Amino acid sequence: MRQLWTMTASDLRQRVRDRSVIIFALVVPLALMFVFNLTSGGAANLTLKPVTVAVSAPAGDDLATAITATLTQVEGIDLTVDEVSADDARSSARSGDAELGVVIPAGFGDAVRAGKEVVVEVTEGEDSGIESDIVLTVVQGVLTQLSAGAVTAAAGAGAGVPDAQLAALAQQAATQAPEITLTQGEAASEQLSSSAALIAGQAGLFLLFTVGFGVLGLVAEREQGTLARLRSMPMRPWLIVTAKGLVSYILGVVATSVLLTLGSMFFDVSFGSPVAVAVLILCAVAAATSLMFIIARVARTAEQASVLQSILALLLGIAGGAFFPLNTTGFLDVVVGLNPIAAFTRGLGITSGGGGLGDIGVPVMLMLGFAVVGLAASRLVPDRGRDL
Amino acid sequence: MRAARAIAAVELRRFLRDRSNIFFVFIFPLLLVLVIGSQFGGDGGNGRVAIAGADSELGTAIATALVDDGVSVTRGGADSVRQQVARGRTDVGLFISAAAATAYDAGAPVVLEIVPGAQQGSPATVQRVRVAVAGVTVERGQVAALVGAGLGEDAALAALADAEAATTPPELRVVDVDRLTQEFDGLGQFDLGASGELLLFVFLASLAGSSTLIQTRRLGVMARTLAAPVSAGQALAGQALGRFTIAIFQGAYIMVATSLLFGVSWGNLWLSLLVLATFSAVAAGAAMVIGSVLDNDGAASGIGIGLGLVLAALGGCMLPLELFPETLRTVAHITPHAWAYDAFAEIQRRDGTLVDILPQLGVLAAMAAVLLALGTWSLRRSMARAL
């Protein structure tokens, strides 16, 4: 036990003195988190901004008024309707005073009733966003309804319904449709906010680099001849390998904990229950370390090992959503789900949504399963470097 | 110059012989362009809706209306849809119970549960679902109104079909679309990702290669080169040219491969190559600075990769510059990436001419001159330093 600790401690000391572990495990991921957070800061805002719509509607046109009236009643968005002239509607959208300028032409109502071509023109402002999309959808919906009423009236006229009843017919088309009510349900959120997803993703990605500083040291020591010397010492050979694994594990746990803690402090996000998060970290580091044992067996030289490590880290990181959430479905989704980084991020999503130890079973099993399979595979794959 | 060219040729050969580069230089950039293009470049831009419930007339009608509106629709079981919403895999979940489907078939009022996700696009998608759902019952309302006026159901349907054929529905025309839409107009699915990746990888490959400069010094290659009839200036020029050649090679490969495989349009080829060459000179200069200031190749490759990723992210290679907040877009222009990004945008999207990209080329050339001078100076000094 003393030998194990001596080797582990000496390695850890060496790694901390070697600046590269600090750079890879902490500096680069933190810098990336900052930059990503800055760049996506504008896009991450979830609340809908208030919008102003400048509408020009012909006076005394009841169908045009219907559009304006519907706009004032849009749910879930703070919408101000300014009634202005046609030129003002366009110019205020261009100048940014309004997000949208809607111009309903003169004779709109008559044209709709007669089924003649008519165009409602919308000018989108410079920084129109999702709110404008919502307004556009609403206007399109009203136009469809108005047109349906006009078609009904025309159909009635064609079938000999008296003229006096036609206006009522158009109204009835809208009111007599069987009503479909939408009730809004709540979804359990297992999603990380965009800032939290960045922190989790970068922590997961760089974990795969950090754990390399322990286990992959085996390959470097073999090249330098220090491994042979260690083997000549009066101790069991597995102690050497275990010590390297322990170095990886300690570095991984420390680095990931620091990254998640600093990240959640700097960017004001919470990952939820600290105990559950700690369990996730322990499992993720185990999975990542097991992968390094495979690389250590397959690689002949330290350079090969570091290349293999970078390739696997980047592939697993990207597939795990370290840079952007990946939208996968079907078989691909299952494959991506087996990825320990994806499982780690998913687990953090569950804990940040309020889940506790009992809820993270699936990601924990995935990561532990990966660790077990990884360790078993590392014993089975051919040892291309010998003596490991 | 011949000595410098020979040194540069050796550097390129060494770069190509390194088998680890096969993945990072030839495969990885294309993989990223493919992933980014398929994730962000496609359409279906009007949101994603997952509909839960057994096949029903109501479900099909709503799905058809949504698809017509440009929304991508998936069907699934209730549990799977709830999970998809929770995990952000869809913007909105719509639950059609068996009771709702039966009520719809019977013409009775229907209640559906709608569950919006927590992501940014969800509110707009919810609105699209509302409109689609409202539209589904329109025809029934029309028929009901006509039947109320004394027509038979068949006669009502026939009259509606006639009236519909004779009617032009009012059109909603969006003019002067916003800046972003205009900015990305005319870009192919993979175009935006490709120019970003090009800049990212040219810089990253150069900086990560800075550790070879340290090895060159450690193994005494520089000292031996100088023992040959080669002046210090020639040796330094050779190193600079070597870095530059590798950067250009990486960039040109990405340009050729993306245009062949993904049909990426690089606009005017000569102008694009000119931007690439200037940007490569900046990357070569930066690599020389790192490779001569640092003496530890582990730290150099760490800093190289870190700096390569950070600068690329800040310079608009991961998230388009146009989506940055205003101040940050200004700050981003301390990176060469942002200038090159602007130049590519000018060439690819607006058919820019040489005159249009002169400002960007000027800034890049100035950056390259400063970094190459600094790199040469510090490399010359570092040769006198023991490793």
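Computed from a predicted structure; not experimentally measured.

Here is what the cut-offs are and how they apply
Counting starts from 1 at the beginning of each chain's written sequence and moves along it residue by residue. Labels are handed out in written order, letters beginning with A for the chains and numbers beginning with 1 for the ligands. Owing to the predicted nature of the model, reporting of local features is limited to residues with pLDDT of at least 70; listing and counting of side-chain atom pairs is limited to 80 or more, with chain, interface and lining totals taken over all residues. The side-chain values count all of the structure's non-hydrogen atoms but skip hydrogen atoms and water molecules. In this text, helices come from DSSP runs of H or I with a minimum length of four residues, and strands from runs of E with a minimum of two, each type numbered from the N-terminal end. Two things to know: the radius of gyration comes from C-alpha atoms, and the globule rule equals 2.2 Å times the number of residues to the power 0.38. Only protein chains enter the accessibility calculation, which uses a 1.4 Å probe; a residue whose area is less than 20% of its type maximum is buried, one above 50% is exposed, and one in between is partly exposed. By definition in these notes, contact holds between two residues if any of their heavy atoms fall within 4.5 Å. In short, Shrake-Rupley with a 1.4 Å probe defines the accessible areas, and a residue's cover is counted only from the protein chains shown. The term nonpolar core refers to a set of buried residues drawn from Ala, Val, Leu, Ile, Met, Phe, Trp, Tyr and Cys, joined through side-chain atoms within 4.5 Å. Within a predicted model, pLDDT stands for the predictor's per-residue confidence, ranging from 0 to 100. Just to be clear on terms, a salt bridge is a Lys or Arg side-chain nitrogen sitting within 4 Å of an Asp or Glu carboxyl oxygen. N or O atoms within 3.5 Å of each other form a polar contact, as long as, within protein, one can give a hydrogen and the other can take it, and as long as residues adjacent in sequence are counted only when both atoms are side-chain atoms. A helix's residues, less one, multiplied by 1.5 Å, set its expected span. Accessible area that two parts lose when put together, with a 1.4 Å probe and added across both, is what the buried area reports. Nonpolar residues are Ala, Val, Leu, Ile, Met, Phe, Trp, Tyr, Cys and Pro. Charged residues are Asp, Glu, Lys and Arg, and all others, Gly as well, are polar. Pairing of aromatic side chains requires ring centres within 6.5 Å, counting the rings of Phe and Tyr and the six-membered ring of Trp. Pairs whose planes differ by under 30 degrees are stacked, by over 60 edge-to-face, and all others tilted. Each ring is checked for a lysine NZ or an arginine CZ that lies within 6 Å of its centre and within 35 degrees of its normal; such an atom marks a charge sitting over the ring. Here, a strand pair is defined by DSSP locating no fewer than two bridges between the strands. Here an angle of 0 to 180 degrees is reported between the N-to-C directions of two axes, which are lines fitted to C-alpha atoms, with helices fitted over the stretch in contact.

Trainee: Sorry if this is basic, but what is going on with the overall build of chain A here?
Mentor: Assigned secondary structure in chain A consists of 17 helices and five strands. Here the C-alpha atoms of chain A give a radius of gyration of 32 Å, more than 25% beyond the 21 Å that 2.2 N^0.38 yields for 388 residues. Dimensions along the principal axes, computed over C-alpha positions, put chain A at roughly 110 × 45 × 35 Å. Within chain A, the fraction of its 388 residues that count as buried is 51%. When contacts within chain A are restricted to residue pairs at least 6 apart in sequence, those whose partners lie at least 24 apart make up 78%. Total accessible area computed for chain A in this model is approximately 17100 Å², and 60% of it derives from carbon and sulfur atoms.

Trainee: Can you help me understand the overall build of chain B in this one?
Mentor: Along chain B, the regular secondary structure elements total 18 helices and five strands. If one aligns the C-alpha atoms of chain B with their principal axes, the spans along those axes are about 105 × 45 × 35 Å. Buried positions account for 50% of the 387 residues belonging to chain B. Counting only contacts in chain B whose residues sit at least 6 apart along the sequence, the fraction spanning at least 24 positions is 74%.

Trainee: What should I look at first to understand the nonpolar core in this one?
Mentor: Within soluble globular proteins, side chains that are nonpolar tend to cluster in buried spots. Residues and elements named next belong to chain A. Core analysis: the largest hydrophobic core is formed by 139 residues, its most contacted members being L260, F271 and L348. The leading source of residues in this core is helix α13 (residues 274-298), at 14 residues. Those residues within four positions of L260 in sequence are excluded, and the remaining contacts are I199, A200, A203, F271, V277, I281, F344 and L348. With 31 residues, the next largest nonpolar core counts V118, L136, V142 and L146 among its residues.

Trainee: Teacher, can you tell me more about the confidence of the model for chain B here?
Mentor: Reading predicted coordinates in detail is not appropriate for stretches of low pLDDT. All names here are of chain B. Put simply, chain B has an average pLDDT of 83, and 94% of its residues get 70 or more. The secondary structure element of chain B with the lowest average pLDDT is helix α9 (residues 179-184), at 61, and the one with the highest is helix α14 (residues 269-293), at 91. Scored by ipTM, the complex comes to 0.73, with pTM at 0.76.

Trainee: Hey, could you run me through the pattern of salt bridges in this one?
Mentor: Pairing between side chains of opposite charge can happen when their charged atoms approach one another. Throughout the structure, instances matching the rule amount to 13 salt bridges over all chains. For A:D11, the salt bridge identified is with A:K244, shortest N-O distance 2.6 Å. In this pair, A:D11 is assigned in helix α1 (residues 2-17) and A:K244 in helix α12 (residues 237-266), connecting sequence segments 233 residues apart. The pair formed by A:D11 and A:K244 is uniform in burial state, with each residue classed as buried. Across the pair B:R243 and B:E11 runs a salt bridge whose closest N-O atoms are separated by 2.9 Å. Of the two residues, B:R243 sits in helix α13 (residues 232-261) while B:E11 sits in helix α1 (residues 2-17), which places them 232 residues apart along the sequence.

Trainee: Just to check I follow, could you spell out the environment of B:Q83 for this structure?
Mentor: Examined against the element boundaries, B:Q83 turns out to sit in helix α4 (residues 78-86). The exposure class assigned to B:Q83 is partly exposed, which follows from its relative accessible area of 30%. Along the backbone, B:Q83 and B:R173 are 90 residues apart, and their C-alpha atoms lie at a distance of 37 Å. Apart from residues lying up to four places away in sequence, B:Q83 is in contact with A:E190 and A:R346.

Trainee: So what exactly am I meant to see when it comes to the side chain of B:S292 here?
Mentor: Residue and element names in this part refer to chain B. Inspection of the secondary structure assignment puts S292 in helix α14. Residue S292 is classed as buried on the basis of its relative accessible area of 1%. Here S378 takes part through its side chain, which lies 2.5 Å from a polar atom of the side chain of S292.

Trainee: I would appreciate a short explanation of α13(B) in the present structure.
Mentor: Each α-helix turn comprises 3.6 residues. Residues three or four places apart therefore point the same way. Here α13(B) spans 43 Å end to end across 30 residues, near enough to the 44 Å set by a 1.5 Å rise per residue. Taken from the residues just after α13(B), B:G263 is the one with a positive phi, measuring 65°.

Trainee: I tried to follow the interface of chain B and chain A on my own but got confused; where do I start?
Mentor: Accessible area lost during the coming together of the parts is what is often quoted as the interface size. In this complex, chain B contributes 91 residues to the contact, which on the side of chain A involves 92 residues. Here chain B and chain A share an interface that buries about 7800 Å² over both sides, 66% of which is from carbon and sulfur atoms. Put simply, chain B and chain A have zero salt bridges between them. Here chain B is connected to chain A by 11 residue pairs in polar contact (both at pLDDT 80 or more). Mapped by element, the contributors of at least two residues to the side of chain B that touches chain A are α2 (20-41), α4, β4 (110-116), α6 (122-136), α7 (138-148), α8 (153-165), β5 (171-175) and α15 (297-314) of chain B. In terms of residue class, the side of chain B that touches chain A is built from 57 nonpolar, 18 polar and 16 charged.

Trainee: In this structure, what is going on with the packing of aromatic side chains? I would like to understand it.
Mentor: Given two aromatic rings, one states the distance between the centres and the angle between the planes to describe the pair. Scanning the entire structure with this criterion turns up 14 aromatic pairs over all chains. Taking 5.3 Å as the distance between ring centres and 10° as the angle between the ring planes, the aromatic pair formed by A:F24 and A:F209 counts as stacked. One end of the pair, A:F24, is in helix α2 (residues 19-39); the other, A:F209, is in helix α8 (residues 194-210), with 185 residues separating them in the sequence. Just as A:F24 is buried, A:F209 falls in that class too. Ring geometry for B:F28 versus B:F201: centroids 5.7 Å apart, planes at 85°, classification edge-to-face. Within this pair, whereas B:F28 is found in helix α2, its partner B:F201 is found in helix α10 (residues 191-208), the two being separated by 173 residues in sequence. Assigned by exposure class, B:F28 and B:F201 land together as buried. Cluster of aromatic residues (ring-pair linked, three or more members): A:F24, A:F206, A:F209 and A:F213. Positioned over the ring face of B:F95 is B:R82, at 4.3 Å from the centre of the ring. For B:R140, the ring lying beneath its charged end belongs to B:Y104, and the centroid distance is 3.9 Å.

Trainee: Would you mind going over the sheet that holds strand β5 (residues 180-184) of chain A with me for this structure?
Mentor: By definition, the strands of a sheet pair up through backbone hydrogen bonds, in either a parallel or an antiparallel sense. An order of β5(A)-β4(B)-β3(B)-β1(B)-β2(B) is seen for the five strands of this open sheet, with the pairing classed as mixed. Looking at the sheet topology across the chains shown, the edges are occupied by β5 of chain A together with β2 (72-76) of chain B. Taking the axes of each pair of neighbouring strands and ignoring which way they run, one obtains an average angle of 25° across the sheet. Bridge analysis of strand β1 (residues 48-52) of chain B against β2(B) gives five bridges, and the strand direction is parallel. Counterpart to B:V49 in the pairing with β2(B) is B:V73.

Trainee: Please explain the sheet that holds strand β4 (residues 119-124) of chain A as it appears in this structure.
Mentor: Strand order in the open sheet formed by five strands is β2(A)-β1(A)-β3(A)-β4(A)-β5(B), and the pairing between neighbours is mixed. On the outer flanks of this sheet lie β2 (79-83) of chain A together with β5 of chain B, each paired with one strand and no other. On average, each strand axis in the sheet is tilted by 25° relative to the strand beside it, whichever way the strands run. Of the pairings in the sheet, the one linking β4(A) to β5(B) comprises five bridges and is parallel in character. By the bridge assignment for β5(B), A:V119 is matched with B:E171. Sheet contacts for helix α3 (residues 62-72) of chain A: β1 (51-56) and β2 of chain A; angle to β2(A), the most-contacted strand, approximately 150°. Contacts from helix α6 (residues 130-158) of chain A reach β1, β2, β3 (100-103) and β4 of chain A together with β5 of chain B, with the element oriented near 155° to β5(B).

Trainee: Would you explain unusual backbone geometry in this entry?
Mentor: Leaving glycine aside, a negative phi is the common case for residues, and trans is the common case for peptide bonds. In this structure, A:D268 takes a positive phi of about 55° despite not being glycine. A relative accessible area of 70% means that A:D268 is categorised as exposed.

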